Amino acid sequence: MAIFSSLTPVFIAIICVLIAVILKKTQGQKQKCETKSKPLSRPWVDEDLKDGTDHHLEEEDVDEEWQGLDEDVAHVPFFAERYSEAEMIKRSQMFYELLNMRRSVRFLSDEPVPREVIDNVIRTAGTSPSGAHTEPWTFVVVQDPYLKHKIREIVEEEEEINYKKRMGDRWVNDLKRLRTNWIKEYLDTAPYLILIFKQVYGRLPNGKKKTHYYNEISVSIACGILLAALQNAGLYTVTSTPLNCGPQLRVLLQRPANEKLLLLLPVGYPKKDATVPALTRKPLEDIMVVM
């Protein structure tokens, strides 16, 4: 009995150690599982840039009736110009050569650009297809020097944080070869800034929310057409996604809550001493698969 009594504290100590080891192992597995399930940090997917196609409309705000065009929309004959095969090849080659000259230019002149040209390129962007023809885009054209500078202040403040804290070493190193940083002089010098907002939902005449289907991809297509229209007009830009700036810029430009900033384009002529990185594009065989 004496031996058992003397060993009891030892047994208790061993049991306590075992319990502690088991609990620690269980907790470690739980943390490992939580780490696996936790989504990776992706600072380039800004909260304000996420797609709103699946935006959950409040039950009381949803109009269950048809939200799009009138049910009796007339259909009219469609006539298209038909080119010969030789003309098609010629036109497609010429258009490719035009757009192949497109470059992202960060050194933009303050030389004035005719306003009518800006109107026309945005009209062109507005020809883009959209889900159920909801046309979920707003193009805000800024030419006021004070507003341009306020936009620059907001963007540079957030971009400095992005470069130093949010983006991570890999992303920052990838950008070093392109010599980019958080200083955005072109936001002051470009004669126009075009800010493209996606409307995640619309409003019906009765005030209820109207679903905008595929709003992000619709606006993205419109942005692509806008880039082509700018190139066709002899104007240049650099595509800018101002991460973590959307809410501030929306307030500055007095845009409603249903609009989310998707893209910011400084637009103008290149400076005479402008430079661009010596990059090449992938050949056709690397980007096209014929089945």
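Structural notes, computed from the coordinates. Nothing here was measured: the structure is a model prediction, and the numbers come from that model. (Residues numbered from 1 in each chain as written. Predicted model: local features only at pLDDT ≥ 70, side-chain atom pairs only at ≥ 80, totals over all residues. Heavy atoms only, no water.)

1. What to know about the overall build of the protein
Regarding its fold elements, the protein presents 9 helices and 5 strands. Tracing the protein from N to C terminus, the helices and strands come up as α-α-α-β-α-α-α-β-β-β-α-α-β-α. When the 291 residues of the protein are sorted by exposure, 33% land in the buried category. Counting contacts in the protein only where the partners sit at least 6 residues apart, residues at least 24 apart contribute 84% of the total. If you sum the accessible surface of the protein, you get close to 20,200 Å²; carbon and sulfur atoms cover 57% of it. (Helix = DSSP H or I, 4+ residues; strand = E, 2+ residues; numbered from the N terminus. Buried < 20%, exposed > 50% of the residue type's maximum accessible area, 1.4 Å probe, protein only. Contact = heavy atoms within 4.5 Å. Areas by Shrake-Rupley, 256 points an atom, 1.4 Å probe, with all protein chains shown as cover.)

2. Quick look at the packing of helix α2 (residues 85-100) against helix α7 (residues 215-233)
One way to put it is that α2 packs onto α7 with a least axis distance of 9 Å and a crossing angle of 90 degrees. One element, α2, and the other, α7, form an angle in the roughly perpendicular class. Side by side, α2 and α7 meet where Phe95, Leu98 and Leu99 of the first sit next to Ala228, Gln231 and Asn232 of the second. In terms of residue class, the contact of α2 with α7 is made up of 4 nonpolar, 2 polar and no charged. (Axes fitted to C-alpha atoms, helices over the stretch in contact; angles between N-to-C directions. Parallel < 35°, antiparallel > 145°, perpendicular 65-115°, else oblique. Nonpolar A, V, L, I, M, F, W, Y, C, P; charged D, E, K, R; others polar.)

3. Observations concerning the sheet that holds strand β5 (residues 259-267)
Reading across from one edge, β1-β2-β5 is the order of the 3 strands in this open sheet, with antiparallel pairing throughout. In this open sheet, the two edge strands, each paired with only one partner strand, are β1 (137-142) and β5. Each strand of the sheet is rotated relative to its neighbour by a mean of 20 degrees, with strand direction disregarded. Pairing of strand β2 (residues 192-199) with β5, which is carried by 8 bridges, proceeds in the antiparallel orientation. For Ile194, the partnering residue across the bridge sits in β5 and is Leu265. (Pairing = 2+ DSSP bridges.)

4. A short note on the pairing of β2
Remember that side chains alternate between the two faces of the sheet whenever the strand is regular. For β2, the buried fraction is high: 8 of the 8 residues fall into the buried class. Two elements, β1 and β2, share 6 bridges in a ladder whose sense is antiparallel. Paired with Thr138 across the bridge in β2 is Phe197.

5. What about helix α3 (residues 115-125)?
Inspection of α3 places Ile118, Val121, Ile122 and Ala125 among the buried residues, and these make up the whole buried set. Angularly, the buried residues of α3 cover 100 degrees about the axis, an arc narrow enough to put them on a single face. Set apart from the buried face of α3 by more than 90 degrees, the exposed residues are Glu116 and Arg123. On the buried face of α3, the contacting elements are β1, β2, α7 and β5. (Arc of directions from axis to C-beta.)

6. Some points on α7
Owing to its 3.6 residues per turn, the α-helix brings residues three or four apart onto one side. Across its 19 residues, α7 extends 27 Å between first and last C-alpha, which sits within 8% of the 27 Å expected from 1.5 Å per residue. Three or more residues of α7 are buried, namely Asn215, Glu216, Ser218, Val219, Ala222, Cys223, Leu226, Leu227, Ala228, Ala229, Leu230 and Gln231. On the buried face of α7, the contacting elements are α2, α3, β1, β2 and β5. In the stretch just after α7, Gly234 is the one whose phi turns positive, near 85 degrees. (Expected span 1.5 Å × (residues − 1).)

7. A look at the environment of Glu159
Here Glu159 lies in helix α4 (residues 145-166). When the C-alpha atoms of Glu159 and Ile183 are compared, they prove to be 8.2 Å apart, with 24 residues separating the residues in sequence.

8. A short note on the nonpolar core
Counting residues in each nonpolar core, the largest one holds 22 residues, and the members touching the most others are Ile118, Phe139, Ile194, Ile196, Leu226, Leu265 and Val267. Mapped by element, the contributors of at least two residues to this core are α3, β1, β2, α7 and β5. Of all the elements, α7 adds the most residues to this core, at 7 residues. Grouped together as the second largest cluster of nonpolar side chains are 20 residues, Val155, Leu195, Cys245 and Leu253 included. (Core = buried A, V, L, I, M, F, W, Y, C linked by side-chain atoms within 4.5 Å.)

9. What about the pattern of salt bridges?
Across all of its chains, the model carries 7 salt bridges by this definition. We note a salt bridge from Lys150 to Glu153, for which the minimum N-O separation is 3.5 Å. With a gap of 3 residues between them, Lys150 and Glu153 both fall in helix α4, about one helical turn apart. Accessibility expressed as a relative area gives 28% for Lys150, which makes it partly exposed. With a closest N to O distance of 2.8 Å, Glu259 and Arg255 form a salt bridge. Overall, the relative accessible area of 28% leaves Arg255 in the partly exposed class. The structure contains a network of salt bridges with shared partners spanning Arg152, Glu156 and Asp188. (Salt bridge = Lys/Arg side-chain N within 4 Å of Asp/Glu carboxyl O.)

Purely geometric numbers; function is a separate question.
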